[in-house]
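So you can see what is in the structure, the chains are spelled out below.
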Amino acid sequence: MSARPSVIFVINLLQDVSVVRGLAYLVAREFDVDLIFLVSRAFMARDRKGPGNTRHLWRREMEQLAADTGADIIPFAGPADLAAAYQGRRGVVFGASESDLGAHGETHTALAQAPPHFLTVTLQHGLECVGFLHNAGHVHAHGENAAFAADVVCGWADAATLTSLTASQRAKLLITGPPMLLQRTDPAPGARHDAGGLVCENLHSVRLRFGGDHAPSFLEAFEEFCAARPRKVTLRPHPAGRYTLKRGRRLPRGAQLETRPLYKVDLSRHTFGISAPSTILLDMMLADLPVAVWRDPGGAMDVATYRGLPRVSTAADWLRFERDAAHHRDALVARQRAVMANLGLVSDGAEVYRRFARLIARGLALRDGEELAPEPPATGVHSRLRWAAGESALPRVASAAGTATSATVSPPRRILFVAPTKLPTLEIAFLEPLSPIAQAGDIAHTLLVEADFVAMADGVSDEDARARVAAAVHGADPDQVVFCRYNGPLADAVLAAARQHGAAVLYHLDDDILN
């Protein structure tokens, strides 16, 4: 086993470079580790096929990043390459685009195959991201459920916003905020807005194919918009989809192309931004650039995530928004900040830095301690996550050199049982079979019965009763909530509080099904 721990970034999709870039600089600055980019052959193939000056663009960016941070680049094509890369190493593995979706297969395999002396972490890589937050186009193309191989999944916003995170995955969630904030620089006071408008296309996305092919109407509006105005406008293709570049479309007069990575573009210099639904809208909002979301004229596209932003469809809509952005910039920016706040987005770059640094530090300490103490039980993923997030303190043990090191002693998994009374069913199905595990200290449980909820509702408003239920659930701090034949008073309030707390929920029925 290597004396120095490793932090490994798995690179598979072209946009993965942008997602991990700020984190790589953070690791190089803060930690004494071996930094490694584990790069799929699929990434190299995608980058090699780039049209025009985008060919090999992301390989060059990754090589520069590796040179800046002192990282090694290791290619992989399958399980044997992964096993060789992991051999003798320990630490933390990040996947920038990971789920059980086919397009994420290489990263999913890389995280699933990581040995137990690695903490594996998946990064949310977009606002509407598979497994975190789907829109109607995602559901139509990929279904409603996605799972992750990682121990920890890093989200950008409140758990309530991440409506596509399934119950089986919610225990893994850690809110860090977007890693792109780690490489954002605030515009200088009095910055000039002299770069004209910025139009971003995301025309390869499943969102623009839901209910029909909407790309032609987007390009038609763009061309009419350019023809109606003398001022310059910039078109930015999606860095991976590159719809306009791949189809060799000629730019209208007065338009220019922007293909540089987003972290090399000063968004604040533009006068406004327009995009089909895409995370680029969030990037522009974070740069205080007035933005509008494009929607097909027929209204088939799902833009609910961007509720509160101006919507444009035709060239006439675009022209009106351009005038609004010129005359009411401050008001539009204030409205956008409210939209981000409603999403529950962590938008403070310094706070995002602290959360990622704490996760990495504790992940490295956890994996270092495994040489000194037994591996946590297989059911302890949520407990390991809580520890990595800094929510529980681990005991200290002395290493052979006499220095204090964190041991991997997980706190017990906490279960909240909800039942009409202390039923025989509860005893037979749960309490008795689980008693050896409880005596070993691996689980702890709390029981709430119907009489408890009646007391919570006695003499108070429904709102106050629900608040008491929420306090009781949060006080129990459950990893799991088990309803044992309970559907009595305030059952819905318990369910809502459990979801807010991030606990998995199980409903149990025995032979009394008809009652």
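Rules used throughout
- Residues numbered from 1 in each chain as written.
- Predicted model: local features only at pLDDT ≥ 70, side-chain atom pairs only at ≥ 80, totals over all residues.
- Heavy atoms only, no water.
- Helix = DSSP H or I, 4+ residues; strand = E, 2+ residues; numbered from the N terminus.
- Buried < 20%, exposed > 50% of the residue type's maximum accessible area, 1.4 Å probe, protein only.
- Areas by Shrake-Rupley, 256 points an atom, 1.4 Å probe, with all protein chains shown as cover.
- Phe/Tyr/Trp six-rings, centres within 6.5 Å; stacked < 30°, edge-to-face > 60°.
- Lys NZ or Arg CZ within 6 Å of the ring centre and 35° of its normal.
- Expected span 1.5 Å × (residues − 1).
- Arc of directions from axis to C-beta.
- Contact = heavy atoms within 4.5 Å.
- Salt bridge = Lys/Arg side-chain N within 4 Å of Asp/Glu carboxyl O.
- Axes fitted to C-alpha atoms, helices over the stretch in contact; angles between N-to-C directions.
- Parallel < 35°, antiparallel > 145°, perpendicular 65-115°, else oblique.
- Nonpolar A, V, L, I, M, F, W, Y, C, P; charged D, E, K, R; others polar.
- Pairing = 2+ DSSP bridges.
- Right-handed = clockwise from strand over helix to strand, strands pointing away.
- Polar contact = N/O pair within 3.5 Å; in protein donor to acceptor, adjacent residues only side chain to side chain.
- Core = buried A, V, L, I, M, F, W, Y, C linked by side-chain atoms within 4.5 Å.

Caption draft 1: Region of interest: the overall build of the chain. If you tally the helices and strands in the chain, you get 18 helices and 19 strands. Going through the 515 residues of the chain one by one, you find that 53% of them count as buried. Working note: accessible area of the chain is about 22,400 Å², and carbon and sulfur atoms make up 51% of it.

Caption draft 2: Molecular detail of the packing of aromatic side chains. Per the counting criterion, the structure on display carries 13 aromatic pairs. Of the aromatic side chains, those joined through ring pairs into one cluster are Phe218, Phe222, Phe225, Phe272, Trp294, Trp318 and Phe321. Here the basic side chain of Arg21 rests over the ring of Tyr263, its NZ or CZ set 3.9 Å away from the ring centre.

Caption draft 3: How the structure looks around helix H3 (residues 57–69). With 13 residues, H3 extends 19 Å from end C-alpha to end C-alpha; this agrees with the ideal 18 Å at 1.5 Å per step. Burial in H3 covers these residues: Leu57, Trp58, Glu61, Met62, Leu65, Ala66 and Thr69. Along the axis of H3, the buried positions cluster into a sector of 165°, meaning they face one direction only. Those residues of H3 hidden inside the fold are in contact with strand E1 (6–11), helix H1 (16–30), strand E2 (34–40), helix H2 (41–48) and strand E3 (72–76). One or two steps after H3, the chain reaches Gly70, where phi turns positive at roughly 70°.

Caption draft 4: Region of the structure containing the pattern of salt bridges. Tallied over the full model, the rule gives 11 salt bridges. Ionic pairing is found between Arg4 and Asp34, a salt bridge with its closest N-O pair at 3.0 Å. One end of the pair, Arg4, is in the segment before E1; the other, Asp34, is in strand E2, and 30 residues separate them in sequence. The partly exposed category is assigned to Asp34, whose relative accessible area is 23%. With a closest N to O distance of 2.7 Å, Arg355 and Glu351 form a salt bridge. Taken as a pair, Arg355 and Glu351 lie in helix H13 (residues 349–369) at a separation of four residues, close to a single helical turn. For Arg355, a relative accessible area of 24% puts it in the partly exposed group. If you follow the salt bridges from partner to partner, you end up with Arg4, Asp32, Asp34 and Arg89 in one network.

Caption draft 5: Broad picture of the packing of H2 against H3. The contact between H2 and H3 brings their axes to 7 Å, and the two run at 125°. The pairing of H2 with H3 is recorded here as oblique in orientation. Taken together, the residues of H3 that come into contact with H2 (itself represented by Phe43, Met44 and Asp47) are Leu57, Trp58, Arg59 and Met62. Among the residues forming the contact of H2 with H3, the class breakdown is five nonpolar, no polar and two charged.

Caption draft 6: Spatial organisation of helix H18 (residues 491–501). Among the residues of H18, those classed as buried are Ala491, Ala493, Val494, Ala497 and Ala498. Taken around the axis of H18, the buried residues stretch over an arc of 160°, which confines them to a single face. Residues of H18 that are exposed and angled more than 90 degrees away from the buried face: Arg499 and Gln500. Where H18 terminates, the next one or two residues include Gly502, which has phi positive at roughly 85°.

Caption draft 7: Structural context of the sheet that holds strand E10 (residues 255–257). Here we have six strands laid out as an open sheet, ordered E10-E9-E8-E11-E12-E13, and parallel in their pairing. Each having just a single partner strand, E10 and strand E13 (311–312) make up the two edges of the open sheet. In this structure, strand E8 (residues 197–201) lies alongside strand E11 (residues 272–275), joined through four bridges in parallel fashion. Across the sheet, Cys200 pairs through a bridge with Ser275, a residue of E11.

Caption draft 8: A look at the sheet that holds strand E16 (residues 413–419). A sheet is described by the order of its strands in space; here four strands give the open sequence E17-E16-E18-E19, paired in parallel fashion. The open sheet has two edge strands, strand E17 (443–449) and strand E19 (504–508), and neither has a second partner. On average, adjacent strands in this sheet sit at an angle of 20° to one another, irrespective of strand direction. As paired strands, E16 and strand E18 (residues 480–484) are joined by four bridges and run parallel to one another. By the bridge assignment for E18, Leu416 is matched with Val481. In the packing of helix H16 (residues 450–457) onto the sheet, the strands contacted are E16 and E17, and the crossing angle to E17 comes to about 60°. Packing against the sheet, H18 makes contact with E16, E18 and E19, and its axis sits at approximately 160° to E18.

Caption draft 9: Up close: the pairing of strand E9 (residues 233–237). Counting buried residues along E9, five of its five residues qualify, which places the element largely inside the surrounding structure. Neither face of E9 is open: one carries Val233, Leu235 and Pro237, the other Thr234 and Arg236, and all of them are buried. Two strands pair when backbone bridges link them, and E8 and E9 are joined in this way by five bridges, in the parallel orientation. Directly across from Cys200, in E9, lies its bridge partner Arg236. Sheet topology note: the E9/E10 ladder contains three bridges and is parallel. Across the sheet, the residue bridging to Thr234 is Gln256, located in E10.

Caption draft 10: Examining the pairing of E17 more closely. In this structure, E16 lies alongside E17, joined through seven bridges in parallel fashion. Across the sheet, residue Leu416 finds its bridge partner in E17, namely Thr446. With helix H15 (residues 424–439) bridging E16 and the parallel E17, this β-α-β connection has right-handed handedness.

Caption draft 11: Fine view of the side chain of Thr107. Of note, Thr107 is situated in helix H5 (residues 105–112). Engagement of the side chain of Thr107 in a polar contact is seen with the backbone oxygen of Ser97, the distance being 3.3 Å. If near-sequence neighbours (up to four positions away) are discounted, Thr107 is found in contact with Val10, Asn12, Gly95, Ala96, Ser97 and Glu98.

Caption draft 12: Summary view of the nonpolar core. Ranked by internal contacts, the top residues of the largest apolar core, which has 69 residues, are Phe9, Phe37 and Phe94. Once residues lying within four places of it in the same chain are set aside, the contact partners of Phe9 are Val20, Leu23, Ala24, Val27, Leu35, Ile36, Phe37, Leu38 and Phe94.

Caption draft 13: The arrangement of the side chain of Glu128 in detail. By the element assignment, Glu128 lies in the loop between strand E5 (118–123) and helix H6 (136–142). Side-chain polar atoms of Glu128 contact the side chain of Thr305, separated by 2.7 Å. A polar atom in the side chain of Glu128 sits 3.4 Å from the side chain of Tyr306.

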